[in-house]
Amino acid sequence: MDNVTVISKKTPKVRRPVEKKVYFLTSSLKKKPIELSKTKKFSIGRKSKNNLPIKEGTISDVHASIKWDKSAFKIKDERSTNGTFVNGKRIDKVTSLKNGDKIKLGKFVLKFGVKTVREKKDGIPSKKTAKKKPVKKTARKAVKKSVKKPVKKSVKKGAQKKPAKKAVKKAAKKSEKKTVKKAAGKKTGAARKKAARKKSSRILTPINTLIR
């Protein structure tokens, strides 16, 4: 019971896994099994052009070929010198292969196998992912808009306040300078008057002496 998977009754039929049969060959030449395709012909022989090249004297250039025919894979001997054997019997005609059949080509033995695999159906989005995606996008857009607008306004207000303060300071400095200049001008005017009076007094004194 290890190979059996239990499917819940709640899971819909559309999303249930599909069983698929995989056909393959195993050999001592390669560690991994060689998967066979239903649409392509699989050839075995000594030449490098074959799907499975085996460079050995007992094997012909194109020794045998395996091909899908209607409901099963079938093997054919391609007029090889040493012949092709299935389960110890030499074949002269096209013969169908079953799970566990042993194919002998010269000194080499291949084993044909069939395996059932469960595959999930693609292209069916789940309900959770369908709901989450639009919610995330709308939330991000709303956050971006709400963040951008107040930041710009606050920046503009701050930019307007700073030059206003500077203008006030400049005006205060100018007024101070004007008052200082006015005060200095007043003092200088008084000093000029005093100097003129002194000069006039000096001029008048010698004239008075002359008159006497």
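Model, not experiment: these values are computed from the prediction.

S.K.: What is the right way to look at the sheet that holds strand β4 (residues 52-53) in this model?
M.R.: Backbone-to-backbone hydrogen bonds join strands into a sheet, with any given pair of strands oriented parallel or antiparallel. Taken together, the five strands give an open sheet; going across it, the order is β4-β3-β5-β6-β9, and neighbouring strands pair in mixed fashion. Single-partner strands in this sheet number two, and they are β4 and β9 (95-96). Across three bridges, strand β3 (residues 42-45) lies against strand β5 (residues 64-69) in antiparallel orientation. Residue pairing across strands places Ser 43 opposite Ser 65, the latter belonging to β5.

S.K.: In this structure, what is going on with the pairing of strand β11 (residues 108-119)? I would like to understand it.
M.R.: Working note: regular strand, side chains alternate between the two faces of the sheet. Where strand β1 (residues 18-26) meets β11, nine bridges bridge the pair, whose relative direction is antiparallel. Bridge pairing in β11 links Lys 20 to Val 117. Two strands pair when backbone bridges link them, and strand β10 (residues 102-105) and β11 are joined in this way by four bridges, in the antiparallel orientation. Note that in β11 the partner of Ile 103 across the bridge is Leu 110.

S.K.: How do you make sense of the pairing of β1 when you look at a structure like this?
M.R.: Bridge analysis of β1 against strand β2 (residues 34-35) gives two bridges, and the strand direction is antiparallel. Within β2, the position partnered with Leu 25 by the bridge is Ile 34.

S.K.: Help me out: how do you make sense of the packing of aromatic side chains in this one?
M.R.: Two descriptors summarise a pair of aromatic rings, namely the distance from one centre to the other and the angle between the planes of the rings. Summed over all chains, the structure comprises five aromatic pairs. Consider the rings of Tyr 23 and Phe 112, whose centres lie 6.3 Å apart with planes at 25°: the pair is stacked. A residue pair is termed long-range when its members are at least 10 positions apart, and Tyr 23 in strand β1 and Phe 112 in strand β11 qualify at 89 residues. One exposure class covers both Tyr 23 and Phe 112, and it is buried. The rings of Tyr 23, Trp 68, Phe 73 and Phe 112 are connected pair by pair, giving a single aromatic cluster.

S.K.: When you look at the sheet that holds strand β7 (residues 84-86) in this model, what are you seeing that I'm missing?
M.R.: In spatial order, the strands read β2-β1-β11-β10-β7-β8; together these six strands make up an open sheet with antiparallel pairing. Two strands in the sheet have a free side with no partner beyond their single neighbour: β2 and β8 (89-90).

S.K.: So what exactly am I meant to see when it comes to the confidence of the model for the protein here?
M.R.: Of the residues in the protein, 52% have a pLDDT of 70 or more, and the chain-wide mean is 75. Least confident of the elements in the protein is helix α1 (residues 127-211), whose mean pLDDT is 59; most confident is β7, at 97.

S.K.: What is the right way to look at the nonpolar core in this model?
M.R.: Across soluble globular proteins, nonpolar side chains show a tendency to be buried alongside one another. With 21 residues, the main nonpolar core has Leu 36, Phe 42, Ile 44, Ile 66, Ile 75, Ile 103 and Phe 112 as its most contacted residues. Elements supplying a minimum of two residues to this core: β1, β3, β5, β6 (72-77), β10 and β11. The element best represented in this core is β5, accounting for three residues. Apart from the residues within four sequence positions on either side, Phe 112 is in contact with Tyr 23, Phe 24, Leu 25, Leu 36, Phe 73, Leu 97, Lys 98, Asn 99, Gly 100, Asp 101 and Ile 103.

S.K.: Is there a simple way to think about the pattern of salt bridges in this case?
M.R.: Side-chain pairing between opposite charges can occur once the charged atoms of the two side chains come close. The tally for this structure, following the rule as stated, stands at four salt bridges. We note a salt bridge from Glu 78 to Lys 41, for which the minimum N-O separation is 4.0 Å. Taken together, the positions of Glu 78 in the loop between β6 and β7 and Lys 41 in the loop between β2 and β3 put the pair 37 residues apart, joining distant regions of the chain. For Glu 78, a relative accessible area of 24% gives the class partly exposed. Close ionic contact of Asp 61 with Arg 46 constitutes a salt bridge, the shortest N to O distance being 3.0 Å.

The rules behind these values
- Residues numbered from 1 in each chain as written.
- Predicted model: local features only at pLDDT ≥ 70, side-chain atom pairs only at ≥ 80, totals over all residues.
- Heavy atoms only, no water.
- Pairing = 2+ DSSP bridges.
- Helix = DSSP H or I, 4+ residues; strand = E, 2+ residues; numbered from the N terminus.
- Phe/Tyr/Trp six-rings, centres within 6.5 Å; stacked < 30°, edge-to-face > 60°.
- Buried < 20%, exposed > 50% of the residue type's maximum accessible area, 1.4 Å probe, protein only.
- pLDDT = per-residue confidence, 0-100.
- Core = buried A, V, L, I, M, F, W, Y, C linked by side-chain atoms within 4.5 Å.
- Contact = heavy atoms within 4.5 Å.
- Salt bridge = Lys/Arg side-chain N within 4 Å of Asp/Glu carboxyl O.

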